[in-house]
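# Architecture and fold: a report
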Amino acid sequence: MELQKYLFLLTEYGIQKNLIEKADQTYIINQFLMLYGVDEFALDETEKQRLRREEYELVTLLDTLTDEAVSRGLIEDTITERDLFDTKLMGILTDRPSEIIARFQEAYQNSPEAATDYYYAFSQDTNYIRRDRIRKDRKWKADSPYGELDITINLSKPEKDPKAIAAAKNAVKSSYPACQLCMENEGYAGRLDHPARQNLRIIPMQIQGAEWGFQYSPYVYYNEHCIVFNGQHVPMKIEKATFAKLFDFIKVFPHYFLGSNADLPIVGGSILSHDHFQGGNYTFAMAKAPMEERFIVKGFEDVEMGIVKWPLSVLRLRGQNADRLIELGAHILDKWRSYTDETAFLYAETDGELHNTITPIARKVGDTYELDLALRNNITTEEHPLGVFHPHAQWHNIKKENIGLIEVMGLAVLPARLKEELELLGEYLVNGKEIASNEKIRKHAEWAESFRGTYDFMEENVKGILEKEVGIVFTHVLEDAGVFKCTEEGREAFRRFIEVL
């Protein structure tokens, strides 16, 4: 009876959120029963009316129904198998792609904002974006000389379950879908080494005459964090056409920004094998940063260009005509790819390996288009084996991972381990304990000692102090990633590059 009750409540949730119609309810209940191998449903109308008056969170319904699947031996009690199963439940509640596309297009007739509002709410209501997990992320703002930075400790991405890792090793290998960004993920049941996507619905787009897809990120690092991806499984490439693709999207959704990770390892994103962009409805610190020095490039007198006051080396192009920004962007990219300045330790290539690329971000501000070009270089040395323009070793206790598009714009995505480590570190600082004596936080000892004498640590202030100090580290990390440093010498080197344009 408990199973029937929760299955009924899940269909009621679907009706409330406009995922299904009242006329679909019996059909959907029968689909659910089939999942559990049950062929009986005996709730009477009085009980149904009573249940309709009760309020349940979606996560409570899904947890209870997934517990039931475990108790019936349908799945193992691991995070991975539970996620696969509850996505299967939500997939039954999620309408076919053609229906969602039609509703999106209908909303777009009102405005681009109405369309994305509908689709973003839908992506949360289907549990594709797991709101309960996103709420666990720890977020705060941090002051810096460059503006207010965003910091997040990412807790919404589930940790890999050891049992699931072992099971995945023994499972039959599959190359379908080719990666997590392929169109073929839509409606896919998932497996132990690939997430279920029965509740994913993709909005098709035409970008530069080709089929692309638009969806939201299930991890939502910022408001309306979306992914725009090539319909074909082709690798990332920064070229003139990249800038044209970004503006194709901006013209359809002018309230969103869109950017691309660079196309080289170390300075690129985590998925270089599939051409894609990330965007959303959020204004990052970099977008708010002013231009501190302006230049005119011959032949592009109609385009405003300047160095952005930002720790990474960013050129901002502004103008009414997006095509002119694309042309100048391509000219800058072409010059940067082959640019070497030994005095600034910038080499276009060593031993045949290319090092220079760009992280581009496009947006529209009022009636003006903007294209930000962050100049990147992925050279390594013995002293900096992970990259000269990568977080240096002294900051690896906080941030060791690549500085991708999201970090470039001013949002630190920090590993989940830091939640526990910072709490423990705070306790040691308040109680005056030796940090190096605890293996879990030993890596933070040198960093913590550098500011320990600056503060009077108490239980009520230690969290804020550590958040402030983490923000300072992230500022240094971004400065490390800048190819031209924010010093007079660095600005001189930046001007030398601008002269070759």
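Keep in mind that this is a model prediction, so the values were computed, not measured. (Residues numbered from 1 in each chain as written. Predicted model: local features only at pLDDT ≥ 70, side-chain atom pairs only at ≥ 80, totals over all residues. Heavy atoms only, no water.)

### Considerations on the overall build of the protein chain
What the protein chain contains, in helices and strands, is 17 helices and 15 strands. Its C-alpha atoms put the protein chain at 80 × 60 × 45 Å along the principal axes. Considering only intrachain contacts with a sequence separation of at least 6, the fraction spanning at least 24 residues in the protein chain is 63%. For the protein chain, the accessible area works out to roughly 22,700 Å², and carbon and sulfur atoms hold 49% of it. (Helix = DSSP H or I, 4+ residues; strand = E, 2+ residues; numbered from the N terminus. Contact = heavy atoms within 4.5 Å. Areas by Shrake-Rupley, 256 points an atom, 1.4 Å probe, with all protein chains shown as cover.)

### Thoughts on the packing of aromatic side chains
Using the criterion set out here, one finds 35 aromatic pairs in the structure. Their ring planes at 80° and their centres at 5.7 Å tell us that Tyr176 and Tyr188 sit as a pair that is edge-to-face. Of this pair, Tyr176 sits in the loop between α9 (162-170) and β3 (203-207) while Tyr188 sits in the loop between α9 and β3; the two residues are 12 residues apart in sequence, bridging distant segments of the chain. Relative accessible area serves as the criterion here: at 45%, Tyr176 is assigned to the partly exposed category. Relative accessible area serves as the criterion here: at 16%, Tyr188 is assigned to the buried category. An angle of 75° between the planes, with centres 5.1 Å apart, marks the rings of Trp447 and Phe451 as edge-to-face. Pair noted here: Trp447 and Phe451 are both in helix α15 (residues 445-452), with a separation of four residues, about one helical turn. An identical accessibility class is assigned to Trp447 and Phe451; each is buried. Following the ring pairs from residue to residue traces out a cluster consisting of Phe104, Tyr108, Tyr118, Tyr119, Tyr120, Phe122, Phe214, Tyr216, Phe249, Phe253 and Tyr256. Geometry around Tyr428 places Lys433 over its ring, the cationic atom sitting 4.7 Å from the centre. (Phe/Tyr/Trp six-rings, centres within 6.5 Å; stacked < 30°, edge-to-face > 60°. Buried < 20%, exposed > 50% of the residue type's maximum accessible area, 1.4 Å probe, protein only. Lys NZ or Arg CZ within 6 Å of the ring centre and 35° of its normal.)

### Focus: the pairing of strand β5 (residues 226-230)
With five of five residues buried, β5 is to be regarded as a mostly interior element. Inspection of the sheet shows strand β4 (residues 210-216) paired to β5 by five bridges, in the antiparallel sense. Counterpart to Gly213 in the pairing with β5 is Phe229. Direction of pairing for β5 relative to strand β7 (residues 276-280): antiparallel, over a ladder of four bridges. (Pairing = 2+ DSSP bridges.)

### Quick notes on the side chain of Arg82
Mapped onto the elements, Arg82 comes out in helix α5 (residues 79-93). Engagement of the side chain of Arg82 in a polar contact is seen with the backbone oxygen of Asp63, the distance being 3.4 Å. Non-local contacts of Arg82, meaning those with residues more than four positions away in its chain, are made with Asp63, Thr66, Asp67, Val70, Ile75 and Asp77. (Polar contact = N/O pair within 3.5 Å; in protein donor to acceptor, adjacent residues only side chain to side chain.)

### Things to note about the sheet that holds strand β2 (residues 149-153)
Ordered by their spatial adjacency, three strands build an open sheet running β1-β2-β15, and the pairing between neighbours is mixed. For this open sheet the edge positions go to β1 (138-142) and β15 (411-414), each flanked by a neighbour on one side alone. Ignoring which end each strand starts from, the neighbouring axes of this sheet average 20° apart. Contacts from helix α14 (residues 417-430) reach β1, β2 and β15, with the element oriented near 95° to β2. Those strands touched by helix α16 (residues 462-481) are β1, β2 and β15, and its axis lies near 110° from that of β2. (Axes fitted to C-alpha atoms, helices over the stretch in contact; angles between N-to-C directions.)

### Focus: the pattern of salt bridges
Enumeration over the complete set of coordinates arrives at 42 salt bridges. Between Lys245 and Asp275 there is a salt bridge whose closest N-O contact spans 3.5 Å. Pair noted here: Lys245 is in helix α10 (residues 240-252) and Asp275 is in the loop between β6 (257-259) and β7, with a separation of 30 residues, a long-range link. The two residues Lys245 and Asp275 agree in class, both being buried. Put simply, Arg318 and Glu370 hold a salt bridge, and the shortest N to O gap is 2.8 Å. (Salt bridge = Lys/Arg side-chain N within 4 Å of Asp/Glu carboxyl O.)

### Section: the sheet that holds β6
On the basis of which strands lie adjacent, the open sheet formed by 10 strands has the order β3-β4-β5-β7-β6-β13-β14-β10-β9-β8 and antiparallel pairing. Only two strands of the sheet have a single partner each, and these edge strands are β3 and β8 (291-295). The average angle at which neighbouring strand axes cross in this sheet is 25°, direction not considered. In this fold helix α7 (residues 112-125) packs onto β3 and β4, with an angle of close to 60° to the strand it touches most, β4. Here helix α12 (residues 322-337) sits on the sheet and contacts β9 (304-308), β10 (314-319), β13 (356-365) and β14 (368-377); the angle it forms with β14, its principal contact strand, is near 10°.

### A look at the layout of surface pockets
Within this model, the second largest pocket holds a volume of roughly 680 Å³. As for the second largest pocket, its lining consists of 34 residues, of which Glu57, Leu58, Val59, Asn127 and Asp132 are closest to the centre. With six residues, helix α4 (residues 58-71) is the largest single contributor of residues to the lining of the second largest pocket. A class-by-class count of the residues in the lining of the second largest pocket yields 12 nonpolar, four polar and 18 charged. (1 Å grid on protein atoms, 1.4 Å probe; cavity = no way out; pocket = protein on both sides within 12 Å on 5 of 7 lines; lining within 4 Å. Points joined across faces, edges and corners; volume = space filled by probe spheres on them. Nonpolar A, V, L, I, M, F, W, Y, C, P; charged D, E, K, R; others polar.)

### Let's talk about the environment of Pro360
Inspection of the secondary structure puts Pro360 in strand β13. Overall, the relative accessible area of 0% leaves Pro360 in the buried class. Residues Pro360 and Leu371 lie 11 residues apart in sequence; the distance between their C-alpha atoms is 6.9 Å. Excluding residues within four positions of it along the chain, Pro360 makes contact with Ile238, Thr242, Phe243, Leu246, Leu258, Gly259, Ser260, Leu371, Asp372, Leu373 and Leu405.

### Here's the deal with the nonpolar core
Counting 99 residues, the largest nonpolar core has Leu10, Phe214, Phe249, Met305, Ile332 and Phe484 as the members making the most contacts within it. If near-sequence neighbours (up to four positions away) are discounted, Ile332 is found in contact with Met305, Leu315, Leu317, Ile358, Leu373, Phe497 and Leu501. Counting 53 residues, the second largest nonpolar core, distinct from the first, contains Tyr146, Trp395, Trp447 and Ala481. (Core = buried A, V, L, I, M, F, W, Y, C linked by side-chain atoms within 4.5 Å.)

### Remarks on α14
Helix length check: α14, at 14 residues, gives a terminal C-alpha distance of 20 Å against a target of 20 Å (1.5 Å per residue), a fit within 8%. When α14 is considered as a whole, its buried residues turn out to be Leu418, Glu421, Leu422, Leu424, Leu425, Gly426, Tyr428 and Leu429. Buried-residue contacts for α14 involve β1, β2, β15, α15 and α16. Positive phi shows up at Gly432, right after α14, with a value of about 65°. (Expected span 1.5 Å × (residues − 1).)

### A short note on the pairing of β7
Side-chain positions along a regular strand alternate between the two faces of the sheet. Here β7 lies mainly inside the structure; five of its five residues are buried. Sheet topology places β6 next to β7; three bridges connect them, and they run antiparallel. Paired with Phe257 across the two strands is Gly280, which belongs to β7.

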